[in-house]
Structure formats: C-alpha cells, structure tokens
Amino acid sequence: MAGRATNDKPSRGVAKATLLTVAVAAMFGVFGGLGFFTFGYGEGFAYLGNDPASCANCHVMQEFYDSWLKSSHHNVAVCNDCHTPHDSIVAKYLTKADNGFFHSLAFTTGDFKDPIQIKARNSRVVQHACLDCHKNLVNHLLPTEDGGDMISCVHCHASVGHSQTVAPRRYEGY
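These numbers were taken from a predicted model, which means no experiment stands behind them. (Residues numbered from 1 in each chain as written. Predicted model: local features only at pLDDT ≥ 70, side-chain atom pairs only at ≥ 80, totals over all residues. Heavy atoms only, no water.)

Visitor: Can you break down the overall build of the protein chain residue by residue, with the values?
Guide: Along the backbone of the protein chain there are seven helices and two strands. When the elements of the protein chain are put in sequence order from the N terminus, they spell out α-α-α-α-α-α-β-α-β. Taken over 174 residues, the protein chain has a buried fraction of 21%. Considering only contacts in the protein chain between residues 6 or more positions apart, those separated by 24 or more positions represent 56%. Carbon together with sulfur atoms contributes 63% to the accessible area of the protein chain, which is approximately 12,500 Å² in total. (Helix = DSSP H or I, 4+ residues; strand = E, 2+ residues; numbered from the N terminus. Buried < 20%, exposed > 50% of the residue type's maximum accessible area, 1.4 Å probe, protein only. Contact = heavy atoms within 4.5 Å. Areas by Shrake-Rupley, 256 points an atom, 1.4 Å probe, with all protein chains shown as cover.)

Here it is as structure tokens:
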C-alpha cells in the first residue's frame, strides 16, 4: 500500500501542473486572440507609421485632425513630431504603445472625456517637442536653473498645432 500512495501523489501533482498549464495557455490564447483581433480591427498597423490621418480613425480625433489641417504646423509637423519623444526610437514606440493601449481601452469602454484631454505625461512630451524644435527661438526664455518653473508653450500658443481644450499647466524642470 505504501507503494500505491507514493505513485498516486506524483500523478496528482502532474495532473495539477497539466491543468494549470492548460489554464494559463488558454488565458494567453484568449487574451492574445482578443488583442490580435482588436489590433487588426482597429487598424493598429496604421498607428506604427507617421500618417496623421491614422490618428483620425477614432471619431473623437476628427476635430483635432481637421484643426491640424488648418494650423501653422500642417506643413512642418505631423502628430508624431509633437506627441512622441524625439530622443530615441525606443522612447517613441514605447509612448505610441502606451498611448495606443490606453486609447483603445478608453474608446472600447467609452471611459474618456469628450472633447478628449491630454494627460500630464503626454503634455510633458509635447512641451519637450516644442523646445526641441524651437530651442534657438526660445532658449533665452528657459529657466536659468535646473528645476526652475516655466509656463508651457501651449499656454500662449494653444491653437498652433491644433485647437486645445486643456487648461494650461506649469512645468517644472525644463
């Protein structure tokens, strides 16, 4: 009998491990399948490029796209020039992935403000983009000390890239 008990324990352990493996694989399969379907259905590949029309795939973006078409930046900048970091391709695509995930989540669940509003982390990206492109023009306006306060560029230039609906913010550390 002692031989039987030792044989039963490993088979139960193997059965539990197999069941756990199947459950984890099924979970990854379901979430992976849903993600793949959503990426295809939502034309996710279009967002990997640089075409501003891709950003207008969601109806809440149409107003911003239309105002960008009429803006002073229309001929010199596209969405990625202002809304993704300039320092590395990794940072650019991490920002695109982060925004893509949370935009998809918000639009799928309907949990977003209309008109949409930029989040603080993305406002910092926009501020850095303004300073990167216009550094020679605004260098004398920047704080002389690290960590000094400055008003965001869109505080005064709210309609430059496209119409803004967000209250101006102050930035530290520029």
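Visitor: Kindly report on helix H6 (residues 120-138), identifying the contributing residues and their values.
Guide: For the α-helix, the turn length of 3.6 residues means that residues three or four positions removed from each other point alike. Here H6 spans only 22 Å end to end across 19 residues, well under the 27 Å set by a 1.5 Å rise per residue. The largest bend along H6 measures about 55° and falls at Asp132. Those residues of H6 not exposed but buried are Asn122, Ser123, Val125, Val126, Gln127, Ala129, Leu131 and Val138. (Expected span 1.5 Å × (residues − 1). Bend = angle between axes of the 7 residues up to and from the residue.)

Visitor: Account for the environment of Cys133, naming residues and giving values.
Guide: Structurally, Cys133 can be placed in helix H6. A relative accessible area of 54% places Cys133 in the exposed class. Separated by 47 residues in sequence, Cys133 and His86 place their C-alpha atoms 9.7 Å apart.

Visitor: I'd like a description of a nonpolar patch on the surface, backed by residues and values.
Guide: On the surface, Leu20, Val24, Met27, Phe28, Val30, Phe31 and Leu34 cluster together into a nonpolar patch covering about 730 Å² of accessible area. Looking at the secondary structure, you find Leu34 in helix H1 (residues 2-41). (Patch = residues over 30% accessible without salt bridge, like charges linked within 9 Å, V, L, I, M, F, W, Y side chains within 5 Å. Salt bridge = Lys/Arg side-chain N within 4 Å of Asp/Glu carboxyl O.)

Visitor: Account for the side chain of His73, with residues named and values stated.
Guide: Mapped onto the fold, His73 is located in the loop between helix H3 (62-69) and helix H4 (79-83). Leaving out residues up to four positions away in the same chain, His73 has contacts with Trp68, His134, Val160 and Gly161.

Visitor: Quick one: what's the story with helix H5 (residues 89-109), residue by residue and with numbers?
Guide: For H5, built from 21 residues, the straight-helix expectation of 30 Å at 1.5 Å per residue is met to within 8% by its first-to-last C-alpha distance of 30 Å. Buried positions along H5 lie against H4 and H6. Gly110 sits one or two residues past H5 and shows a positive phi near 80°.

Visitor: Quick one: what's the story with the state of the cysteines, residue by residue and with numbers?
Guide: In this structure the tally under the stated criterion is zero disulfides. The cysteine Cys82 is free of any disulfide, with Cys130 supplying the nearest cysteine sulfur at 6.3 Å. Judged by its relative accessible area of 24%, Cys82 is partly exposed. Of all cysteine sulfurs, the one in Cys130 lies closest to Cys153, which takes part in no disulfide; the gap is 4.2 Å. (Disulfide = S-S within 2.5 Å.)

Visitor: Give me the lowdown on the side chain of Thr95, citing residues and values where you can.
Guide: Structurally, Thr95 can be placed in helix H5. Residue Thr95 is classed as buried on the basis of its relative accessible area, which comes to 14%. Engagement of the side chain of Thr95 in a polar contact is seen with the backbone oxygen of Ala91, the distance being 2.9 Å. Look past the residues within four positions of Thr95 in its chain and what remains in contact with it is His83, Thr84, Pro85 and Asn122. (Polar contact = N/O pair within 3.5 Å; in protein donor to acceptor, adjacent residues only side chain to side chain.)

Visitor: Explain the pattern of salt bridges to me, using residue names and the numbers behind them.
Guide: Applying the stated criterion across every chain, the model contains two salt bridges. Note that Asp98 is salt-bridged to Arg121, the shortest N-O span being 3.0 Å. Separated by 23 residues along the polypeptide, Asp98 in helix H5 and Arg121 in helix H6 bring together distant segments of the chain. Looking at Asp98, the relative accessible area reads 26%, which means it is partly exposed. The partly exposed category is assigned to Arg121, whose relative accessible area is 34%. The residue Lys135 makes a salt bridge to Asp132 at a minimum N-O spacing of 3.7 Å. Placement of the pair is Lys135 and Asp132 together in helix H6, with a separation of three residues, close to one helical turn. Lys135 sits in the partly exposed class, given a relative accessible area of 45%.

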